[in-house]
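As a plain string of letters, each chain reads:
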Amino acid sequence: MYFTSSDAVRRIALVDVNNFYVSCERVFQPRLEGIPVVVLSNNDGCAVSRSAEAKALGIAMGTPWHLMKDLVKKHGIVGLSSNYTLYGDMSRRAMSVLAQFAPNTDQEIYSIDECFLDLTPQPQVDARGVGAEIRNRVKQWTGLPVCVGVGPTKTLAKLANHVAKTRPEWNGVCDLGALAPEARNALFSEIGARNVWGIGRRLESKLVAEGIRTVADLRSLDPAIARQWFSVVLQRTVSELRGVACLDLEDLAPNKQQIIASRSFGAPVYSADELVEGIRSYMTRAAEKLRRQGSIAGMVGVWLETNRFRPQDPQYHPSVSARLPQATDDTLRLVGFATALMRRIFRAGYRYVKAGVMLWDLRARSIVQGSLFDASPEFDDRRTRLMAVLDRASAKWGRGVLAPGSAGMTARWAMKRERMTPAYTTRWGEVVRVRA
Amino acid sequence: MPKRLSHGGARAGAGRPAGSGSYGEPTRPLRVPESQVEPVVAFLVAYREGRALEEKGVRAVAPRAVRPTSRRHAIVRYAAKVPAGFPSPADDYIEDVLDFNAHLVRQGHEAATFVVRASGWSMIGAGIHDGDEIVVDRALQARDGHVVVAAVNGELIVKRLRIRGGKVLLVSENPHYPERVVAEGEHLEIWGVATRVLHKL
């Protein structure tokens, strides 16, 4: 009734890594498997990633470490500081493996651990089969566990992913298109509307007040009524649940932990200058989103891609990320950094078809950390010299030994140094040791 | 006394002039063992091609024959693939510096290639010293005889994998270290296959 035959042909897969930061740590410390682990954010020591065991102990996202002390003692919870360098590199690897399953134009990296793959141009491919292959290959190549959800729209793909993740009987892959309508409706009646992309806590309570509790309830809502009673965004969500693709990613503005702007080029690009144009426009867009959500970014990442599906082209898929000397939301600064990073990884002689930028290590903008202090040239000059001192110090004594302070950070420094794992994949001196 | 024959025999100026054959230089016949015929012919084809390119002004890499091992065929490195179409930029007609990345990381497996550091001496027989860096490829299928990094009961170790009947063994390459049978109920996961060890002298 809701899925027309043309919609049944459209297939979007959402692949995401289970508990991404924790999973990255587990690749290099297998002893962390099966035990409660939380990864804490570096600026305020709150849980930003929890293993299944930690979730089972009732630790919610955002719980500060000092409030977990009793549970830690009782259950031996391991707490680690965020190792962004490692996570960035592992993300790049996972996305690179996923890129093997669809051409550049059909892969959309949504966040550091989620990506959409448009399988529509590959109708001959069995979605569950390819989903299983994706799981196996990502796990083997990178050690990261992923789940795959497939549906005719992005909202449904995300819902399918939720099913794959929360119900073990699906073995990590859920293709909504493979279900008979009765089975699909039965499934939808079992899932709370809260789990639909874009439905937050506040909207959920408003919906419940109207008797809309499950996904099935939400789906049965007339899109016109949805718009009238709630918002045009909800109207789009309901349409998407019904199999009609109409959601623009820009419409959803929950606070994400990363902001990504990436696109395939209309025509292949060979020169650095042309690439700079692309990077500049993507970063401008990303910076706008950043400011709109009231955040500043502490890290910037850039990547380039050649066309994997043209084997006659030499392949080159570099990526690089860097910590900003000072977290910012200033477009000019961010564009400048992104451009410099791009020039570092650029190599001539390749036929580039796609590029992307990522802003992460996001924190709330505070007065102290705004762009107020960046105005004067003397400050810039002093800061450049300060940065040089910091670089020499970290080259000599290791990362993180000295860094710019900011309000509210001092208490966390001890935690950051003690609990951050090494840069296993980016520094020769810090690669993981194996017993011989 | 036999009559002097008026036909046949060597004549001045007869025969193909030396150096006019396909190699552009004098040749001589040579006996080649049966097992090496194929690689030698391939070498000569590549050699001839290389010369033809040089003629055209393209600097070509002279094919180098590797000293044959006692059991296997000689491995000959071609200057260029036998042409089957347009030369692509990926062909190494043009000589560049030695690319260490391409050499140590298998093309296509970059996302699956990691470096680990050996801690201990149990694998010295495989050429792995304490402190050596090991390049590990997770995309390769681990087979009997491979040196692998494995997670055993939560610990990462490097050993040679042996599969004997149904049993999985992790064997050391040092007479002082015993082999390790992976018992029932023990948790073993292959982390990756070791492809290269980097040893600092």
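Placed above this text is the structure.
Predicted model only: the values in this text are computed from it and were never measured.

Conventions adopted
- Residues numbered from 1 in each chain as written.
- Chains lettered and ligands numbered in written order.
- Predicted model: local features only at pLDDT ≥ 70, side-chain atom pairs only at ≥ 80, totals over all residues.
- Heavy atoms only, no water.
- Helix = DSSP H or I, 4+ residues; strand = E, 2+ residues; numbered from the N terminus.
- Buried < 20%, exposed > 50% of the residue type's maximum accessible area, 1.4 Å probe, protein only.
- Contact = heavy atoms within 4.5 Å.
- Areas by Shrake-Rupley, 256 points an atom, 1.4 Å probe, with all protein chains shown as cover.
- Expected span 1.5 Å × (residues − 1).
- Pairing = 2+ DSSP bridges.
- Axes fitted to C-alpha atoms, helices over the stretch in contact; angles between N-to-C directions.
- Buried area = accessible area lost by both parts, 1.4 Å probe.
- Salt bridge = Lys/Arg side-chain N within 4 Å of Asp/Glu carboxyl O.
- Polar contact = N/O pair within 3.5 Å; in protein donor to acceptor, adjacent residues only side chain to side chain.
- Nonpolar A, V, L, I, M, F, W, Y, C, P; charged D, E, K, R; others polar.
- Patch = residues over 30% accessible without salt bridge, like charges linked within 9 Å, V, L, I, M, F, W, Y side chains within 5 Å.
- Phe/Tyr/Trp six-rings, centres within 6.5 Å; stacked < 30°, edge-to-face > 60°.
- Lys NZ or Arg CZ within 6 Å of the ring centre and 35° of its normal.

Engineer: Please set out the overall build of chain B residue by residue, giving values where relevant.
Structural biologist: Scanning chain B from N- to C-terminus turns up two helices and nine strands. Residues classed as buried in chain B amount to 29% of the 201 residues present. Across chain B, the fraction of contacts at a sequence separation of at least 24, relative to all contacts at a separation of at least 6, is 52%. On chain B, roughly 14,400 Å² of surface is accessible, and the fraction owed to carbon and sulfur atoms is 55%.

Engineer: Tell me about the overall build of chain A, residues and numbers included.
Structural biologist: Summing up its helical and strand segments, chain A has 16 helices and 13 strands in all. Here chain A holds 436 residues, and the buried ones make up 52% of them. In chain A, the proportion of contacts linking residues at least 24 apart, taken out of those at least 6 apart, comes to 68%. Carbon and sulfur atoms provide 53% of the accessible area of chain A, an area that totals close to 19,800 Å².

Engineer: Explain the environment of Ala 132 of chain A to me, using residue names and the numbers behind them.
Structural biologist: Residue position: Ala 132 of chain A is located in helix H6 (residues 127–142). Sequence-wise, Ala 132 of chain A and Pro 64 of chain A are 68 residues apart; in three dimensions their C-alpha atoms are separated by 36 Å.

Engineer: Describe helix H7 (residues 154–166) of chain A, and please don't skip the residues or the numbers.
Structural biologist: For H7 of chain A, with 13 residues, the first-to-last C-alpha span of 18 Å sits near the 18 Å given by 1.5 Å per residue. Buried residues of H7 of chain A: Lys 154, Thr 155, Leu 156, Ala 157, Leu 159, Ala 160, Asn 161, Val 163 and Ala 164 of chain A, and no others.

Engineer: Describe the sheet that holds strand S11 (residues 319–328) of chain A, and please don't skip the residues or the numbers.
Structural biologist: Residues and elements named next belong to chain A. With respect to topology, four strands assemble into an open sheet ordered S9-S12-S10-S11, the strand pairing being antiparallel. Edge positions in the open sheet fall to strand S9 (258–269) and S11, since each of these has one partner strand only. In this sheet, neighbouring strand axes are inclined to one another by 15 degrees on average, regardless of whether the strands run parallel or antiparallel. As defined by bridge partners, strand S10 (residues 295–306) adjoins S11 across six bridges and the pair is classed as antiparallel. Its bridge partner being in S11, Gly 301 is matched across the sheet by Ser 321.

Engineer: Kindly report on the interface of chain A and chain B, identifying the contributing residues and their values.
Structural biologist: Counting residues at the interface gives 25 residues for chain A, matched by 33 residues for chain B. The contact between chain A and chain B buries some 2,500 Å² in all, and 55% of this surface belongs to carbon and sulfur atoms. On the chain A side of the contact with chain B, Trp 141, Arg 435 and Ala 436 of chain A bury the most area, a combined 29% of that side's loss. At the boundary of chain A and chain B, one finds two salt bridges. The shortest N-O distance in the salt bridge between Lys 139 of chain A and Glu 189 of chain B comes to 3.8 Å. Inspection of the region where chain A meets chain B yields 18 residue pairs in polar contact (both at pLDDT 80 or more). Secondary structure elements with two or more residues in the side of chain A that touches chain B: helix H2 (20–28), helix H5 (84–98), H6 and strand S13 (432–435) of chain A. Residues that form the side of chain A that touches chain B fall into these classes: 13 nonpolar, seven polar and five charged. Both S13 of chain A and strand S3 (residues 113–119) of chain B contribute to a ladder of four bridges, which runs parallel. Following the sheet pairing, Arg 435 of chain A is matched in S3 of chain B by Ser 119 of chain B.

Engineer: Break down the sheet that holds strand S4 (residues 78–81) of chain A for me, citing the residues and quoting the values.
Structural biologist: All names here are of chain A. Spatially, three strands are ordered S3-S2-S4 in an open sheet, and the strand pairing comes out mixed. In the strand order of this sheet, the two ends are held by strand S3 (47–50) and S4, each with one partner. Within the sheet, the average angular offset between the axes of one strand and its neighbour, ignoring direction, is 30 degrees. Note: strand S2 (residues 37–40) against S4, four bridges, orientation parallel.

Engineer: Before we move on, can you summarise the pattern of salt bridges with the specific residues and values?
Structural biologist: All names here are of chain A. Going through the model one piece at a time under the given rule, you end up with 20 salt bridges over all chains. Where Arg 137 meets Glu 133, a salt bridge forms, and the shortest distance between an N and an O atom there is 2.8 Å. In this pair, Arg 137 and Glu 133 are both assigned in helix H6, four residues apart and thus about one turn of the helix distant. For Glu 133, a relative accessible area of 40% translates into the label partly exposed. Residue Arg 323 pairs with Asp 361 through a salt bridge whose shortest N-O separation is 3.1 Å. Of this pair, Arg 323 sits in strand S11 while Asp 361 sits in strand S12 (residues 352–364), placing them 38 residues apart in sequence. Since its relative accessible area comes to 41%, Arg 323 is described here as partly exposed. Among the ionic contacts, a cluster of salt bridges with common partners joins Asp 89, Arg 92 and Arg 93.

Engineer: Give a description of a nonpolar patch on the surface that names residues and reports values.
Structural biologist: Residue and element names in this part refer to chain B. Taken together, the side chains of Val 32, Val 37, Val 40, Val 41 and Leu 44 define a hydrophobic patch exposed on the protein surface, amounting to about 320 Å² of accessible area. Summarising the element assignment, Val 37 is placed in helix H1 (residues 37–55). The exposure class of Val 37 is partly exposed, given its relative accessible area of 34%.

Engineer: An account of the packing of aromatic side chains is requested, with residue identities and associated values reported.
Structural biologist: If you walk through the whole model with that rule in mind, you get 17 aromatic pairs over all chains. Residues Tyr 21 of chain A and Tyr 84 of chain A carry aromatic rings whose centres are separated by 6.4 Å and whose planes lie at 85 degrees to one another, so their mutual orientation is edge-to-face. Here Tyr 21 of chain A is found in helix H2, whereas its partner Tyr 84 of chain A is found in helix H5, with 63 residues between them in sequence. One aromatic cluster is present, built from ring pairs that chain together Phe 20, Tyr 21, Tyr 84, Tyr 87 and Trp 360 of chain A. Between the NZ or CZ atom of Lys 154 of chain A and the centre of the ring of Phe 116 of chain A, over which it lies, the distance is 5.3 Å. The residue whose ring lies beneath Arg 138 of chain B is Trp 191 of chain B, and the NZ or CZ to ring-centre distance is 5.0 Å.

Engineer: Account for unusual backbone geometry, with residues named and values stated.
Structural biologist: Phi angles above zero are rare outside glycine, and Asn 19 of chain A is one such case at about 45 degrees. Following the sequence through the fold, Asn 19 of chain A ends up in the loop between strand S1 (12–17) and H2. Judged by its relative accessible area of 21%, Asn 19 of chain A falls in the partly exposed class. Unlike most non-glycine residues, Asn 153 of chain B shows phi in positive territory, near 50 degrees.

Engineer: Go over H5 of chain A, please, and point to the residues and values.
Structural biologist: Between the first and last C-alpha of H5 of chain A there are 21 Å, a value that for 15 residues agrees with the 21 Å anticipated at 1.5 Å per step. Of all 15 residues that make up H5 of chain A, 13 are buried, and the element is covered over most of its length.

Engineer: Could you give an account of the side chain of Thr 328 of chain A, with specific residues and numbers?
Structural biologist: The residue Thr 328 of chain A is located in strand S11 in this model. When neighbours within four sequence positions are excluded, Thr 328 of chain A is seen to be in contact with Leu 290, Ile 296, Ala 297, Arg 333 and Leu 334 of chain A.

Engineer: Could you give an account of the environment of Arg 219 of chain A, naming the residues involved and the relevant values?
Structural biologist: Residues and elements named next belong to chain A. Relative to the assigned elements, Arg 219 resides in helix H10 (residues 215–220). Measuring from C-alpha to C-alpha, the distance between Arg 219 and Ser 189 comes to 9.9 Å, with 30 residues separating the pair along the chain. A distance of 3.1 Å separates polar atoms of two side chains, one belonging to Arg 219 and the other to Asn 185.

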